[in-house]
Amino acid sequence: MDHRIIHKQPRPGGAFELQDYERIRAEFTWDEARSRLAGLPGGGLNMGYEAVDRQVAAGLGGREALRCVAADDTVTHISYGELACLTGRFANALTAMGVARQEMVFTLLGRCPELYATVLGTLRSARVLCPLFSAFGPEPVRQRLELGDARVLVTTEELYWRKVEENRHRLPRLDRVLLVGPVKDPPPGTVSFAEVMKQASQEYTVPPTDPGDMALLHFTSGTTGTPKGAVHVHEAVVAHHATVAFALDLRPGDVYWCTADPGWVTGTSYGIIAPLTHGVTLVVDEGDFDVHRWYRILDNQKVTVWYTAPTAIRMLMRATPRNGTRQLPGPYDLSALRFIASVGEPLNPEAVLWGQDVLGLPIHDNWWQTETGAIMIANFASSDIRPGSMGRPLPGVEAGLLARGEDGRAEVTDGHVHVIGEPGIEGELALRPGWPSMFRGYLHEEARYAACFADGWYLTGDLAKRDQDGWFWFVGRADDVIKSAGHLIGPFEVESALMEHPAVAEAGVIGRPDPVVGAVVKAYVSLRPGHAPDTHLKRELLAFARRRLGPAVAPREIEFEQNLPRTRSGKVMRRVLRAREMGLPEGDLSTVESLG
Ligand code: AMP
């Protein structure tokens with residue numbers, strides 16, 4: 001643990017100030033947080049209503065909701081009133097296409113105005129949104145569409161040709177594919193998004209929605225098996241609304257920029273829903289990451305609250321001139337910035353302090369995951385920061401560390417776990433269920449869901465420590481999933497893709513630690529007889545995996561290893577591969593069959 005502390009000045013108290021952390025935790029209830037939302041006029045709760053209709057009803061229809069910065073830096077402004085019209089059109093279009101209430105709408109899109117129309121139109125109409133990551137290759141896209149029984153997909157012509165078309169015949173239920181943007185020659189079985197929108201009315205009234213109705217499906221990866229579809233309900237908006245204020249210090253009048261991709265949970269919950277429920281302005285960057293572009297956006301758009309990722313911060317750090325003075329790489333004015341936070345992977349203390357020196361503000365790390373649906377642990381605006389720590393649990397959140405068993409996960413004996421009381425001891429991070437954005441299941445996988453709970457705790461799969469003052473420190477994953485550039489990757493998905501190549505007998509995939517992106521996906525591969533482990537084959541396998549899985553998931557490195565370490569039951573032991581990679585002791589190898 002790092003022992004440095006960044007002290008904060010006391011600030012004027014506001015509704016969500018946490019100067020008095022213990023008192024606010026003691027007083028906070030989720031019912032009170034719920035009362036801060038409008039609710040539907042006839043009763044019920046709907047995420048889309050809270051994000052759009054509520055603001056219009058409060059007279060904020062003219063306020064800027066989205067500020068879309070195109071790749072060429074031109075800016076389009078969309079007000080809350082216009083957002084109501086766009087999302088109303090999309091909701092009506094879904095009805096016209098025969099899409100039923102609670103049916104799923106998949107997106108495979110970058111950030112563009114149509115994405116917001118789709119996401120919020122789907123939620124307002126009590127249908128279910130399932131966003132997919134546009135850097136996935138055809139295989140992860142197909143698998144998720146199949147697992148979600150997708151009938152409706154909104155994408156672009158380019159992404160359709162590159163990632164969907166080749167597998168369309170394997171997706172017989174997919175009968176509504178809408179293509180955003182100019183469509184020159186609509187591929188068979190697709191329609192133009194713009195055409196469909198043109199024919200729909202913009203008037204729309206949000207239907208009765210129960211807080212327990214399904215709203216979002218987010219796929220996430222486990223160690224084994226297919227991706228898991230985490231189910232979230234409309235009630236989650238209670239946590240979105242409260243936590244974006246607690247953890248990201250969001251206030252009325254803010255210009256807020258969340259850089260997370262809309263294909264992942266952060267990009268939806270904190271990139272779209274949570275900030276709109278506060279009536280603030282969202283900066284939507286339609287371009288790609290570029291150091292100068294990002295500083296330009298912070299400066300030109302006068303961003304006040306910025307939610308980003310450690311990998312991005314480290315990429316900005318690399319671009320800082322190393323001439324002794326730590327300075328921005330250009331004459332950028334970041335004086336509008338009030339708060340910076342990051343999520344998704346460990347934020348090294350250096351990065352927190354770099355923020356303080358170069359951006360003028362420290363970076364506030366916070367922790368959560370797809371399943372928790374909202375930020376659970378955070379460094380708050382009004383609290384001191386311990387660089388390298390994830391912070392403390394939010395009001396309404398009880399976190400604990402559970403003693404681990406041989407498999408590295410929390411040990412459960414006769415249905416009971418042991419909660420670690422002493423500080424500084426590593427355990428599996430666990431949360432007491434009961435917060436509103438808690439996931440309600442994995443789609444069609446009850447046993448996998450049940451396995452996440454023990455003795456009244458939700459087990460996160462992360463390892464952490466707590467210091468004597470209650471700050472949590474991330475240690476690592478208790479399982480084999482890989483975090484690369486903030487994206488969670490299931491090693492099994494990568495291994496399966498590699499094993500479809502005729503030369504590959506077996507594969508073991510791990511994350512090799514990397515100073516910028518956290519971990520680089522690396523595959524150890526054994527070959528079938530008759531195949532030579534040469535550079536040509538290595539290149540072919542890298543290209544094969546990249547084409548199927550996409551650049552965000554495919555391995556960057558391949559190493560041939562004819563004797564992969566395996567358990568007696570034949571499973572490749574990634575733990576041993578990881579230890580070898582890092583030059584660490586390989587641990588208890590009593591179950592390893594072959595050590596090569
Ligand atoms: P995802 O479900 O894709 O959002 O990934 C969640 C996982 O990301 C967590 O279980 C952690 O392993 C990791 N993670 C999220 N936030 C942090 C953080 N602040 N520090 C370290 N790891 C994090």
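Keep in mind it's a predicted model, so treat the numbers as computed, not measured.

## With respect to the sheet that holds strand 24 (residues 504–514)
Step number 1: Here 3 strands make up an open sheet; going across it, the order is 24-25-26 and the pairing mixed. In this open sheet, the two edge strands, each paired with only one partner strand, are strand 24 and strand 26 (557–560). Each strand of the sheet is rotated relative to its neighbour by a mean of 25°, with strand direction disregarded.
Step number 2: Judged from the 10 bridges that link them, strand 24 and strand 25 (residues 518–527) form a sheet pairing that is antiparallel. Paired with Ile 510 across the two strands is Lys 522, which belongs to strand 25.
Step number 3: Relative to strand 26, helix 16 (residues 535–549) is tilted by about 135°, and along the sheet it contacts strand 24, strand 25 and strand 26.

## With respect to the site of the ligand
Step number 1: In the region of the ligand, 16 residues are neighbours, and Asp 365, Asn 366, Gln 369, Thr 370 and Asp 462 sit closest.
Step number 2: Contact between the ligand and Gly 344: a nitrogen atom at 3.2 Å from a main-chain N or O atom of the residue.
Step number 3: Contact distances for the ligand include 2.9 Å between a nitrogen atom and a side-chain N or O atom of Asp 365.
Step number 4: When the ligand is considered free in solution it has 500 Å² of accessible area, and contact with the protein chains removes 96% of it.
Step number 5: Contributions of two or more residues to the shell around the ligand are made by strand 14 (363–367) and strand 21 (472–477).
Step number 6: Per-element tally for the shell around the ligand: the top contributor is strand 14, with 3 residues.

## Overview of the pairing of strand 21
Step number 1: By the bridge criterion, 5 bridges tie strand 20 (residues 457–466) to strand 21 in an arrangement that is antiparallel. Counterpart to Asp 462 in the pairing with strand 21 is Arg 477.

## Regarding the domain arrangement of the chain
Size of an interface, as often reported, equals the accessible area lost when the parts are brought together.
Step number 1: According to the domain assignment, the chain contains domain 1 (13–36 + 235–395), domain 2 (80–233), domain 3 (398–431 + 445–480) and domain 4 (483–594).
Step number 2: Placing a centre on the C-alpha atoms of domain 2 and another on those of domain 4 gives a separation of 33 Å.
Step number 3: Counting from both sides, the interface comprises 17 residues of domain 2 and, opposite them, 15 residues of domain 4.
Step number 4: Both faces considered, domain 2 and domain 4 share a buried interface measuring about 1,100 Å² in area, 54% of it formed by carbon and sulfur atoms.

## Considerations on helix 6 (residues 138–147)
In an α-helix there are 3.6 residues to a turn, and that puts residues three or four apart on one side.
Step number 1: Counting buried positions along helix 6 gives 8 out of 10 residues, so the element sits mostly inside the fold.
Step number 2: For helix 6, every residue scored as buried is listed here: Pro 138, Glu 139, Pro 140, Val 141, Arg 142, Gln 143, Arg 144 and Leu 145.

## Describing the pattern of salt bridges
For side chains of opposite charge, pairing can occur when their charged atoms come near one another.
Step number 1: Within the structure shown, the criterion is met by 44 salt bridges.
Step number 2: Arg 23 is the partner of Glu 27 in a salt bridge, and the nearest nitrogen-oxygen pair spans 3.1 Å. Placement of both Glu 27 and Arg 23 in helix 1 (residues 21–27) is noted, with a separation of 4 residues, approximately one turn of the helix.
Step number 3: Among the residues examined, Arg 23 registers a relative accessible area of 41% and is labelled partly exposed.
Step number 4: The salt bridge involving Arg 432 is made with Glu 398; its shortest N-O contact spans 3.8 Å.

## Some points on the nonpolar core
Within soluble globular proteins, side chains that are nonpolar generally end up buried alongside one another.
Step number 1: Leu 248, Tyr 256, Tyr 270 and Tyr 307 are the most contacted members of the largest nonpolar core, which totals 94 residues.
Step number 2: Per-element accounting of this core gives the leading share, 9 residues, to helix 9 (residues 236–248).
Step number 3: Residues Val 141, Val 164, Val 521 and Ala 554 belong to the second largest nonpolar core, which totals 49 residues.

## What about helix 5 (residues 113–124)?
Step number 1: Relative to the 16 Å expected for 12 residues at 1.5 Å per residue, helix 5 spans 16 Å between its end C-alpha atoms, a close match to the ideal helical length.
Step number 2: In terms of residue burial, helix 5 counts as a mostly covered element, since 10 of its 12 residues are buried.
Step number 3: Listed in full, the buried residues belonging to helix 5 are Leu 115, Tyr 116, Ala 117, Thr 118, Val 119, Leu 120, Gly 121, Thr 122, Leu 123 and Arg 124.
Step number 4: Ala 126 sits one or two positions beyond helix 5 and adopts a positive phi of about 60°.

## Examining the packing of helix 15 (residues 491–498) against helix 16
Step number 1: At their nearest, the axes of helix 15 and helix 16 sit 9 Å apart, and the two run at 120° to each other. In terms of orientation, helix 15 and helix 16 fall into the oblique class. The interaxial crossing formed by helix 15 with helix 16 has right-handed handedness. Residues Glu 493, Val 494, Ala 497 and Leu 498 of helix 15 form the contact with helix 16, whose participating residues are Leu 541, Phe 544, Ala 545, Arg 548 and Leu 549.
Step number 2: Its residues assigned to classes, the contact of helix 15 with helix 16 comprises 7 nonpolar, no polar and 2 charged.

How each quantity is defined
- Residues numbered from 1 in each chain as written.
- Predicted model: local features only at pLDDT ≥ 70, side-chain atom pairs only at ≥ 80, totals over all residues.
- Heavy atoms only, no water.
- Pairing = 2+ DSSP bridges.
- Helix = DSSP H or I, 4+ residues; strand = E, 2+ residues; numbered from the N terminus.
- Axes fitted to C-alpha atoms, helices over the stretch in contact; angles between N-to-C directions.
- Contact = heavy atoms within 4.5 Å.
- Near = heavy atom within 4 Å.
- Polar contact = N/O pair within 3.5 Å; in protein donor to acceptor, adjacent residues only side chain to side chain.
- Areas by Shrake-Rupley, 256 points an atom, 1.4 Å probe, with all protein chains shown as cover.
- Domains from an automatic or database assignment.
- Buried area = accessible area lost by both parts, 1.4 Å probe.
- Buried < 20%, exposed > 50% of the residue type's maximum accessible area, 1.4 Å probe, protein only.
- Salt bridge = Lys/Arg side-chain N within 4 Å of Asp/Glu carboxyl O.
- Core = buried A, V, L, I, M, F, W, Y, C linked by side-chain atoms within 4.5 Å.
- Expected span 1.5 Å × (residues − 1).
- Parallel < 35°, antiparallel > 145°, perpendicular 65-115°, else oblique.
- Left-handed = near helix turned anticlockwise from the far one by under 90°.
- Nonpolar A, V, L, I, M, F, W, Y, C, P; charged D, E, K, R; others polar.

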